[in-house]
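# A look at the structure
The residues making up each chain are set out below.
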Amino acid sequence: MPWRRRRSRVSALEGGQEEEAPPEAAAVPSAPLTSPQQTEEAAERILLRGIFEIGRGSCDVVLSERALRWRPILPERPAGDSKHDWLCKEEFIELKDVFSVKLKRRCSVKQQRSGTLLGITLFICLKKEQNKLKNSTLDLINLSEDHCDIWFRQFKKILAGFPNRPKSLKIFLNPQSHKKEATQVYYEKVEPLLKIAGIKTDVTIMEYQGHALSLLKECELQGFDGVVCVGGDGSASEVAHALLLRAQKNAGMETDRILTPVRAQLPLGLIPAGSTNVLAHSLHGVPHVVTATLHIIMGHVQLVDVCTFSSTGKLLRFGFSAMFGFGGRALALAEKYRWMSPNQRRDFAVIKALAKLKPEDCEISFLPFNTSDDVQERREQGSPKCDCNDQWQMIQGQFLNVSIMAIPCLCSVAPRGLAPNTRLNNGSMALIIAQNTSRSEFIKHLKRYASVKNQFNFPFVETYTVEEVKVHPRNNTSGYNPEEEDETASENGFPWNVDGDLMEVSSEVHIRLHPRLISLYGGSMEEVNDSKVTCNCF
């Protein structure tokens with residue numbers, strides 16, 4: 001069984017004798033806390049005690065404020081019987097891992113609403129290896145209606161006391177994501193878990209790019225505890241951008257010129273249903289649908305840094321990561337071959353962009369990350385850095401690719417992340433610059449992302465930890481050469497890859513980091529396993 005075993009710390013169960021509890025539950029009164037030293041004692045304060053059948057045997061079950069404990073009721077054996085001692089060991093689950101409780105009934109076809117009571121079922125969130133979560137159940141069998149009703153109501157009361165657990169969610173579903181699997185993913189894997197947890201949902205099917213943005217500008221959100229996006233990186237980024245724009249509008253701010261944005265009012269959940277799922281992978285450590293769903297159900301929330309992308313003083317969008325140069329041109333090519341399958345389109349675009357590889361002539365200015373105490377204090381308050389003595393640095397030349405990332409950007413082809421030294425909320429961005437070099441050397445650099453080796457250990461790659469970046473292309477027309485066909489050239493400007501969405505800008509782009517600007521459903525991620533992964537792009 002997946003439950004943890006330990007010897008009882010409840011005084012009523014200590015000693016060498018088993019006490020048979022009465023079949024009916026009994027609440028145990030306790031004195032109020034009088035000192036901090038009594039915290040652990042209060043955590044083990046017994047609320048209910050009774051007999052249930054768990055597995056194939058009767059058990060003495062004890063419910064405290066933080067845990068449910070049980071041990072089998074066995075006949076007495078001679079002292080020193082090691083087998084008997086092992087069987088009597090206590091098992092337990094922590095109540096913070098329980099996300100729902102239901103009365104278990106035997107229902108026939110004619111009894112669709114109610115049937116013979118069998119007991120109580122607890123629905124539990126269990127942690128597996130590599131950051132994965134799974135749902136499981138524990139059945140407490142007892143045929144007494146009164147007995148089960150007392151326990152059921154006590155379980156419901158305890159579960160209602162956990163903060164951040166949503167009761168109502170607004171769902172945005174992109175049916176075109178990846179292989180058009182998002183609808184199936186939601187209705188087969190996500191919705192059943194939300195129903196078990198008793199979470200009400202309102203589902204909107206995203207019919208076109210920008211649909212969620214237009215809806216979130218005006219729709220009523222007061223009745224929801226959170227927003228969930230089922231789709232890929234582009235869909236998730238659109239919903240995050242829309243939530244943040246909505247927050248600025250509600251705060252009475254101009255949405256085209258934002259210097260100090262306010263935090264999004266509702267947390268955002270990301271259900272991975274795209275081709276790369278960089279955002280969800282970076283948030284959860286794995287692109288696993290059940291894991292993402294259980295984080296939402298359990299109310300696991302963490303604050304995440306967000307960037308603003310501006311040009312000529314006007315806000316273009318909110319986002320988490322961006323690539324200019326090779327990364328932008330590869331995405332621009334992929335957008336022209338939408339008729340291909342996602343994987344084919346991605347691989348084809350990468351190969352074609354490599355075949356037409358050329359540097360961008362640009363000027364890059366950046367503000368290095370300052371870790372002084374006063375700046376950190378302002379970061380915790382969500383304020384941007386504004387010291388007059390801050391020194392900008394500038395480099396210019398020919399660059400093959402420029403990456404600016406506020407999150408690690410984990411994905412299947414980069415298991416350690418495109419920016420492995422960046423965290424979700426450390427108040428800084430990674431600036432990664434690949435200077436002009438040969439095609440073969442650049443490909444070696446790209447292949448390193450799929451291995452455990454340092455992808456930045458090349459003489460033409462420079463990395464910086466920054467707070468702000470300005471990228472000013474010095475080409476006149478997006479690198480367009482009349483003598484050479486350029487499928488990425490556009491009259492709208494240079495192609496940028498922002499969270500998997502194509503953004504075209506003809507002038508300088510200013511990227512600023514805003515610490516902990518949005519709340520995302522997700523738990524604290526463990527260190528990523530550095531197992532070697534083979535890349536299939538080259």
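This is a predicted model, so every value here is computed, not measured.

Turning our attention to the overall build of the protein. When helices and strands are tallied, the protein shows 12 helices and 22 strands. Across the 538 residues that make up the protein, the buried fraction comes to 51%. At a minimum sequence separation of 6, the contacts of the protein that also span at least 24 residues come to 71%. When the accessible surface of the protein is split by element, carbon and sulfur atoms take 48% of a total near 26200 Å².

Let's shift gears to helix H3 (residues 145-160). Helix length check: H3 (16 residues) gives 22 Å between terminal C-alpha atoms against 22 Å at 1.5 Å per residue, within 8%. Of all the positions in H3, only His 147, Cys 148, Trp 151, Phe 152, Gln 154, Phe 155, Ile 158 and Leu 159 are classed as buried. The buried residues of H3 occupy one face: seen down the axis, they fall within an arc of 165 degrees. Residues of H3 that are exposed and point more than 90 degrees away from the buried face comprise Asp 146, Lys 157 and Ala 160. The N-capping residue of H3, defined by a side-chain oxygen 3.1 Å from the backbone nitrogen of His 147, is Ser 144.

Before going further, it helps to examine the side chain of Gln 455. By secondary structure assignment, the location of Gln 455 is in the loop between helix H12 (439-448) and strand S19 (461-473). On the basis of relative accessible area, Gln 455 is assigned to the buried category, the value being 1%. A polar atom in the side chain of Gln 455 sits 3.2 Å from the backbone oxygen of Gly 417.

Turning our eyes to something else, we now look at the environment of Ile 196. Inspection of the secondary structure puts Ile 196 in helix H4 (residues 182-196). If we skip the residues at most four places from it in the chain, Ile 196 touches Phe 99, Ser 100, Lys 102 and Phe 123.

Inspection of the entire model under this criterion finds 16 salt bridges. Of the charged contacts, one joins Lys 104 and Asp 139 as a salt bridge, the two residues approaching to 3.8 Å between their closest N and O atoms. With Lys 104 in strand S6 (residues 98-106) and Asp 139 in strand S8 (residues 133-141), this pair connects stretches of sequence that are 35 residues apart. Linking Asp 347 and Arg 346 is a salt bridge whose minimum nitrogen-to-oxygen distance equals 3.5 Å. On the basis of relative accessibility, which here comes to 17%, the residue Asp 347 falls in the buried class. Because the salt bridges share partners, they merge into one network encompassing Glu 94, Lys 96 and Asp 97.

If you walk through the whole model with that rule in mind, you get 11 aromatic pairs. Aromatic side chains Phe 324 and Trp 496 sit 4.9 Å apart centroid to centroid with 35 degrees between the ring planes, which places their arrangement in the tilted category. Pair noted here: Phe 324 is in strand S15 (residues 321-325) and Trp 496 is in strand S20 (residues 494-498), with a separation of 172 residues, a long-range link. Trp 496 carries the same exposure label as Phe 324, and that label is buried. Geometrically, the ring pair formed by Phe 366 and Tyr 464 is tilted, given 4.5 Å between the ring centres and 40 degrees between the ring planes. Separated by 98 residues along the polypeptide, Phe 366 in strand S16 (residues 360-368) and Tyr 464 in strand S19 bring together distant segments of the chain. For Phe 366, a relative accessible area of 2% gives the class buried.

Judged by nonpolar contacts, the single largest core of 60 residues is most densely connected at Val 239, Leu 268, Phe 442 and Ile 518. At seven residues, the largest contribution of residues to this core is made by helix H6 (residues 233-250). Excluding anything up to four places from it in sequence, Ile 518 contacts Ala 240, Leu 244, Arg 263, Ala 264, Leu 268, Gln 302, Leu 303, Val 304, Val 306 and Phe 320.

It is worth spelling out the confidence of the model for the protein at this point. When the pLDDT values of the protein are averaged, the result is 82; 79% of them are 70 or greater. Low pLDDT, under 50, characterises residues 5-39; the predicted model gives this stretch 66 contacts beyond four residues in sequence or across chains. Counted against residues more than four places away or in other chains, residues 381-389, with its pLDDT under 50, gives 18 contacts.

We now examine H6. Taking 1.5 Å per residue as the helical rise, H6 with its 18 residues ought to reach 26 Å, and the 26 Å between its terminal C-alpha atoms agrees with that figure. Taken across its 18 residues, H6 has 16 buried, putting it largely inside the fold. In the stretch just after H6, Gly 252 is the one whose phi turns positive, near 75 degrees.

Turning to the state of the cysteines, a few remarks are in order. Applying the stated criterion across every chain yields a total of zero disulfides. Among the cysteines around Cys 409, which has no disulfide bond, Cys 411 carries the closest sulfur, lying 7.9 Å off. Look at Cys 409 and you get buried, because its relative accessible area is 1%.

Attention shifts here to the environment of Asp 233. Within the secondary structure, Asp 233 is located in helix H6. When the C-alpha atoms of Asp 233 and Ser 275 are compared, they prove to be 8.4 Å apart, with 42 residues separating the residues in sequence. For Asp 233, the residues in contact, after removing those within four places along its chain, are Thr 276, Asn 277, Val 278, Leu 279 and Asp 499. In this structure the side chain of Asp 233 is engaged in a polar contact, spanning 2.7 Å, whose partner is the side chain of Thr 276.

Rules used in this analysis
- Residues numbered from 1 in each chain as written.
- Predicted model: local features only at pLDDT ≥ 70, side-chain atom pairs only at ≥ 80, totals over all residues.
- Heavy atoms only, no water.
- Helix = DSSP H or I, 4+ residues; strand = E, 2+ residues; numbered from the N terminus.
- Buried < 20%, exposed > 50% of the residue type's maximum accessible area, 1.4 Å probe, protein only.
- Contact = heavy atoms within 4.5 Å.
- Areas by Shrake-Rupley, 256 points an atom, 1.4 Å probe, with all protein chains shown as cover.
- Expected span 1.5 Å × (residues − 1).
- Arc of directions from axis to C-beta.
- Polar contact = N/O pair within 3.5 Å; in protein donor to acceptor, adjacent residues only side chain to side chain.
- Salt bridge = Lys/Arg side-chain N within 4 Å of Asp/Glu carboxyl O.
- Phe/Tyr/Trp six-rings, centres within 6.5 Å; stacked < 30°, edge-to-face > 60°.
- Core = buried A, V, L, I, M, F, W, Y, C linked by side-chain atoms within 4.5 Å.
- pLDDT = per-residue confidence, 0-100.
- Disulfide = S-S within 2.5 Å.

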